[in-house]
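Residue-level listing of the chains:
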Amino acid sequence: MNRNLLRALAFAAGALAVSLPAFAGAYPLQVARNVIMYMALALTWDMLLRSGQISFGIAGLFGLGAYATALGVLRAGMGDWLSLAFAPVFAGAAALLIGFLILRLRAMYFSIVTLALAEIFRIVIHNLHDFTGGPEGVVLDGVMLGGSAAALYWLTLGGLAVALGASWWFEKSKFHFALTAIRNNETAARSSGVDIFRWLLATFVITSAIQGLLGGIYVQSYGFATPDSVFDANFTLLPLAIALLGGIHSTIGPVFGAILLGLSSEWLKLRLPYGHLVVYGVIIVVVILFMPQGLYGLARKGLRRAEGRAE
Amino acid sequence: MTKLKTEHLTRAFLGLVAVNDVSFSMDEGEILGIIGPNGAGKTTFINLVSGIIMPSSGRVEYKGRDVTYMPAHERARLGIARTYQLIHPLENLSLIENVMVGSIFARRHGLKTARAKAAGLCESLGLSGLDRDTSRLTILEIKKMEIARALANEPEVLFLDEVMAGLNADETRELIAQVQTIARERKLAVGVVEHVMGVIKELTHRVIVLEAGELIAEGPYEQVSKNPRVIEAYLGGAA
Amino acid sequence: MATKRRTTILVVLGLAAAILVAIWKPTVLIYGVQQAGLYAAIAIPMGLVLGIVHIVNLAHGEFMMIAAYATYFACRATGMDPLIAVLPAAAVTAAFGWVVYKLTIRRALKAPELNQLILTFGLGIMFSQLVNLFFTSQTRKISLDYVSASVTIGETSFGVWQFVFVAVAAAMAYGLKLFLTRTTLGKAALAVGQNPKGAAIVGIDVDRTYGIVFAIAAALVGGMGALFLTRSAIFPAVGSPFTMKSFSLVAMAGIGNIPGILGSAILLGIAESLLRAFRATRGWADIVFFVLIIAVILGRTLKWRKS
Ligand SMILES: Nc1ncnc2c1ncn2[C@@H]1O[C@H](COP(=O)(O)OP(=O)(O)OP(=O)(O)O)[C@@H](O)[C@H]1O
Ligand SMILES: [Mg+2]
């Protein structure tokens, strides 16, 4: 019964999300697009986190994907859809190469290296003036899908669907066992036949490809890319805060985290012209100190306690 | 038939030789005791043959194949399994999921098959309440879970590193009987590390004794326990 | 022993690079060394915290930024020179650092290392965004005459004020060395850094020591904030690049090796300054640190795997 209820709720939420353009105006639709984008990024960050690896490099892969799409159109003459497909391929390939080098690193060493790599990508793109347009970036001829707000919203929703699907698949497949085992105890995992490096590499490539895809969608829906816009640290920071608040190691946590934080920061943005991002910093600090399992973790604990009492 | 053997296996840690020139072999269906005072190198020895750490020199052979430098996960797939002296539960997986891990990765079974096999293994070890968190298990249950997880690899060689430690007399008796049944039914070669000599005496067919990394005696327990070098090693260790 | 050898290598490399550059383009050397002084003086406090409290403080640069803002407003209100404010700024930031330690860091010390990393990451964002919230992202600067003092030797003429950073960095390294080896508190801190459990057993108050070390580091970086203001414009995000740069230097020197930070700073300062000297490579100067940090970390894991 519980499961059916959940399924019905998920279905209703999905229907609502798909039909949003039918009754929402331009501004709410824009807000929804932001929320969806960050939700998807938070999911990909969490998927890698399930193995215990913290990436500070989301913005790097996002930016690579964004530039892959933009330059695919401008330099290789790709069509809009092809350029979108190129973003995950490029980001995934880059992740494969990088992964070979850095997935033997653990803990803070891994995190710091991902942060440094994101900066390196930004600086490289910044400096290859002739090819990437340098600091001024590149502008596409136009926005994809004729610039229709509804169609672009659905495009972003499509990106989210990919991230949600992948996250759900990770929860239901061997990935769940591999990543949890690696996070809990690498030695025990090895003795049970888990090829740690291979699973980490697969996870890193998949999550990076999705981040690249989202970058591609971003470029196609705004029509331009500059190093400072697509490698913006917010693409790392916000997903992290979202997943932490909602509850890590789950699909549902980042989803709720994104809705809560996305809407509240949008509301704050209207009130505070500067520094509305402070809420993200505060949330990260408060969550880490007082509820490391996030809201979903709290809810789960509460439920379990209630069940225990009912027994 | 020889399942596993080592030749001159040696491992040094920054000058301390934890395992020194150990050559031994284990046959199908044999339960081998590995004994020695604290710090003798028993756990290090198991780490070496299971691939958790790599040797400084020497050779490990499994069913005639050189596996000296093979990574641990590949050895697990070939059929070498082990448990850990310090328990290693996967605390974010339930009891049955812990056991499934071996089946999923060492045997590459699908999740359904793995679950069915894990349930069978748990039952044979007398484990119930399979969906519980590992935080709700007793020591005995955790130890059994770890044995089940190792058995889920469907190994031919199994090492048990002090699985009886921390159990009371009844629990120990129960687990001894189960290990014997499992070894017999699966024709396993089992290496058992224990400090309680009663367990070694009852469980093993043959014993090797390590002291300061070296193999100092070998043979049936009755015989080895009268060996003056062994007695001295233990007395020396106790003093 | 290993750190001593590493320091020697760094110093020799740094000197060799310095001499080569000095002959070829003296201003590159001079500006490189000046920049190195700034980097090292900011990195040394981070090295202190990492070496003793064993946490990477990703809010490190923000401590400096906050001190610079506090100094800025104090100077604007009173007409005081930022130089006079160095000590008060250090004192205020020390108190601030102590409070931050007590309220947040301390609670995360027993948590997994990654929680600490995310915590300080969050603190950094909170600090810079709070400043952004109250003071907007506008850049602020105090213009001082003596900062533009310059010297001409032969054909080359260069600013001299920034040598103050070199002096401060050297003083910090030397002062910390004396503190850690000569004073009771310093010795206790060193013991805690090497073995907190053992130190607790012999009766050292580990928590208090951590708090004090954190406060000292905050004081040093806070004083640097005031000093930084003499030369540079400030804005909310001004501190964050220094966090990564500091970490690069600390990692390159090896954790616990404070003099090594000076050596690596000189190497990198000159490398950056060299790239900045030519129009074609100017934009690439920022990449030096990031490439370095990756190289150092990868190199170190290779070494671990061998042993
Ligand atoms: N990773 C390591 N680094 C350095 N020394 C080690 C390491 N692992 C084990 N040793 C040392 O090797 C020696 C053998 O240790 P080992 O754990 O194999 O002994 P053991 O026979 O299993 O002892 P016990 O009965 O106490 O479990 C000990 O002196 C130990 O300190
Ligand atoms: Mg042992």
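About the cut-offs
Residues numbered from 1 in each chain as written. Chains lettered and ligands numbered in written order. Predicted model: local features only at pLDDT ≥ 70, side-chain atom pairs only at ≥ 80, totals over all residues. Heavy atoms only, no water. Helix = DSSP H or I, 4+ residues; strand = E, 2+ residues; numbered from the N terminus. Rg over C-alpha atoms; globule rule 2.2 N^0.38 Å. Buried < 20%, exposed > 50% of the residue type's maximum accessible area, 1.4 Å probe, protein only. Contact = heavy atoms within 4.5 Å. Lys, Arg positive; Asp, Glu negative; His and termini not counted. Charge placed at Lys NZ, Arg CZ, Asp CG, Glu CD. Pairing = 2+ DSSP bridges. Axes fitted to C-alpha atoms, helices over the stretch in contact; angles between N-to-C directions. Parallel < 35°, antiparallel > 145°, perpendicular 65-115°, else oblique. Left-handed = near helix turned anticlockwise from the far one by under 90°. Nonpolar A, V, L, I, M, F, W, Y, C, P; charged D, E, K, R; others polar. Expected span 1.5 Å × (residues − 1). Domains from an automatic or database assignment. Salt bridge = Lys/Arg side-chain N within 4 Å of Asp/Glu carboxyl O. Polar contact = N/O pair within 3.5 Å; in protein donor to acceptor, adjacent residues only side chain to side chain. Near = heavy atom within 4 Å. Areas by Shrake-Rupley, 256 points an atom, 1.4 Å probe, with all protein chains shown as cover. Buried area = accessible area lost by both parts, 1.4 Å probe. Core = buried A, V, L, I, M, F, W, Y, C linked by side-chain atoms within 4.5 Å. Donors = N, O, S within 2.8 Å, 3.2 Å for Na, K, Ca; no water. Patch = residues over 30% accessible without salt bridge, like charges linked within 9 Å, V, L, I, M, F, W, Y side chains within 5 Å.

1. Description of the overall build of chain B
Counting its regular elements, chain B contains nine helices and 10 strands. For 239 residues, the compact-globule estimate of 2.2 N^0.38 gives 18 Å, and chain B sits close to it at 17 Å. Overall, chain B is about 50 × 40 × 35 Å in size when its C-alpha atoms are taken along their principal axes. Relative to its 239 residues, chain B shows a buried fraction of 55%. Intrachain contacts of chain B at a sequence separation of at least 6 include 64% that bridge at least 24 residues. Of the charged side chains in chain B, 28 are positive and 30 negative, and the gap between their average positions amounts to 5 Å.

2. Focus on the pairing of strand β1 (residues 150-153) of chain C
All names here are of chain C. Bridging between β1 and strand β2 (residues 156-159) involves four bridges; their strand directions are antiparallel. Across the sheet, the residue bridging to Thr-152 is Ser-157, located in β2. Once β1 ends, the chain turns through two residues before running back antiparallel as β2, passing Gly-154 with a positive phi of about 60 degrees.

3. A short note on the packing of helix α3 (residues 58-76) of chain A against helix α10 (residues 196-222) of chain A
Residue and element names in this part refer to chain A. Two elements in contact, α3 and α10, have axes whose closest approach is 7 Å; the angle formed by their N-to-C orientations is 50 degrees. When the axes of α3 and α10 are compared, the pair comes out oblique. Once α3 is placed against α10, the crossing between them reads as right-handed. In this structure, α3 uses Ile-58, Leu-61, Phe-62, Gly-65, Ala-66, Thr-69, Ala-70 and Val-73 to contact α10, whose residues at the interface are Ser-208, Gln-211, Gly-212, Leu-214, Gly-215, Gly-216, Tyr-218, Val-219 and Gln-220. Residue composition of the contact of α3 with α10, by class: nine nonpolar, eight polar and no charged.

4. Brief notes about the side chain of Ser-264 of chain C
All names here are of chain C. Structurally, Ser-264 can be placed in helix α11 (residues 258-276). Here Ser-264 falls in the buried class, since its relative accessible area comes to 0%. Leaving out residues up to four positions away in the same chain, Ser-264 has contacts with Leu-10, Leu-249, Met-252 and Ala-253.

5. Observations regarding helix α4 (residues 80-102) of chain A
With 23 residues, α4 of chain A ought to run about 33 Å at 1.5 Å a step, and its terminal C-alpha atoms sit 33 Å apart, in line with that. Ser-83, Leu-84, Ala-87, Pro-88, Ala-91, Gly-92, Ala-94, Ala-95, Ile-98, Gly-99 and Ile-102 of chain A are the residues of α4 of chain A that are buried.

6. Some words on the domain arrangement of chain B
Residues and elements named next belong to chain B. Considered domain by domain, chain B is made up of domain 1 (1-80 + 200-239) and domain 2 (89-155). Counting from both sides, the interface comprises four residues of domain 1 and, opposite them, six residues of domain 2. Across the contact surface, domain 1 and domain 2 share zero salt bridges. Viewed at the interface, domain 2 and domain 1 are joined by two residue pairs in polar contact (both at pLDDT 80 or more). Residue composition of the side of domain 1 that touches domain 2, grouped by class: two nonpolar, one polar and one charged.

7. Some details on the site of ligand 1
Residue and element names in this part refer to chain B. Every one of the 14 residues lining ligand 1 counts as a neighbour, but Gly-39, Lys-42, Thr-43, Thr-44 and His-195 are closest to it. Within the side chain of His-195, one N or O atom sits 2.8 Å away from an oxygen atom of ligand 1. Across the complex, the protein chains shield 62% of the 630 Å² of accessible surface that ligand 1 would expose by itself. Sorting the residues of the shell around ligand 1 by element identifies β2 (16-27) and α1 (42-50) as the ones contributing at least two each. Ranked by the residues each element gives to the shell around ligand 1, the list is headed by α1, at three residues.

8. Description of the interface of chain C and chain A
Between chain C and chain A, the residue contacts involve 40 residues of the former and 40 residues of the latter. Across the chain C to chain A interface the summed buried area is about 3,600 Å²; carbon plus sulfur atoms make up 86%. Counting across the interface, chain C meets chain A through zero salt bridges. Counting across the chain C and chain A interface gives one residue pair in polar contact (both at pLDDT 80 or more). Of all the secondary-structure elements, those providing two or more residues to the side of chain C that touches chain A are α4 (86-108), α5 (113-135), α10 (240-253) and α12 (287-306) of chain C. Looking at the side of chain C that touches chain A element by element, the count peaks at 15 residues for α5 of chain C. Looking at the side of chain C that touches chain A, its residues break down into 26 nonpolar, nine polar and five charged.

9. Description of the environment of Arg-300 of chain C
Following the sequence through the fold, Arg-300 of chain C ends up in helix α12. Between the C-alpha atoms of Arg-300 of chain C and Ala-22 of chain C, which are 278 residues apart in sequence, the distance is 31 Å. Beyond its immediate sequence surroundings of up to four residues, Arg-300 of chain C is in contact with Tyr-109 of chain A together with Arg-6, Ala-251 and Gly-254 of chain C.

10. Quick notes on the interface of chain B and chain A
Facing 28 residues of chain B, the contacting portion of chain A comprises 21 residues. Across the interface of chain B and chain A, roughly 2,100 Å² is buried in total on both sides, 59% from carbon and sulfur atoms. Applying the counting rule to chain B against chain A returns zero salt bridges. The interface formed by chain B and chain A contains 12 residue pairs in polar contact (both at pLDDT 80 or more). For the side of chain B that touches chain A, the elements supplying multiple residues, two or more each, are α2 (72-78) and α3 (95-106) of chain B. Per-element tally for the side of chain B that touches chain A: the top contributor is α3 of chain B, with seven residues. The class makeup of the residues in the side of chain B that touches chain A is 12 nonpolar, eight polar and eight charged.

11. Some points on the nonpolar core
By size, the foremost hydrophobic cluster in this structure holds 246 residues, and its most contacted members are Trp-45, Val-194 and Leu-244 of chain A together with Leu-123 and Phe-247 of chain C. The biggest single contributor to this core is helix α2 (residues 26-49) of chain A, with 16 residues. If near-sequence neighbours (up to four positions away) are discounted, Leu-123 of chain C is found in contact with Val-285 of chain A together with Ala-59, Val-100, Thr-104 and Ile-105 of chain C. Among the nonpolar cores identified, the runner-up in size contains 24 residues, and Met-26, Val-67, Phe-159 and Ile-208 of chain B belong to it.

12. Details of the coordination of the magnesium ion (ligand 2)
Residues and elements named next belong to chain B. Coordination of the magnesium ion (ligand 2) by the protein is provided by Thr-43 (OG1) and Gln-85 (OE1), with metal-donor distances spanning 1.9 to 2.1 Å. One end of the pair, Thr-43, is in helix α1; the other, Gln-85, is in the loop between β6 (80-82) and α3, and 42 residues separate them in sequence. Residue classification places Thr-43 among the partly exposed residues on the basis of a relative accessible area of 24%. With relative accessibility at 36%, the residue Gln-85 sits in the partly exposed group.

13. Side note on a positive patch on the surface
On the surface, Lys-4, Lys-177, Arg-182 and Lys-187 of chain C cluster together into a positively charged patch. Relative to the helices and strands, Lys-177 of chain C resides in helix α6 (residues 163-182).

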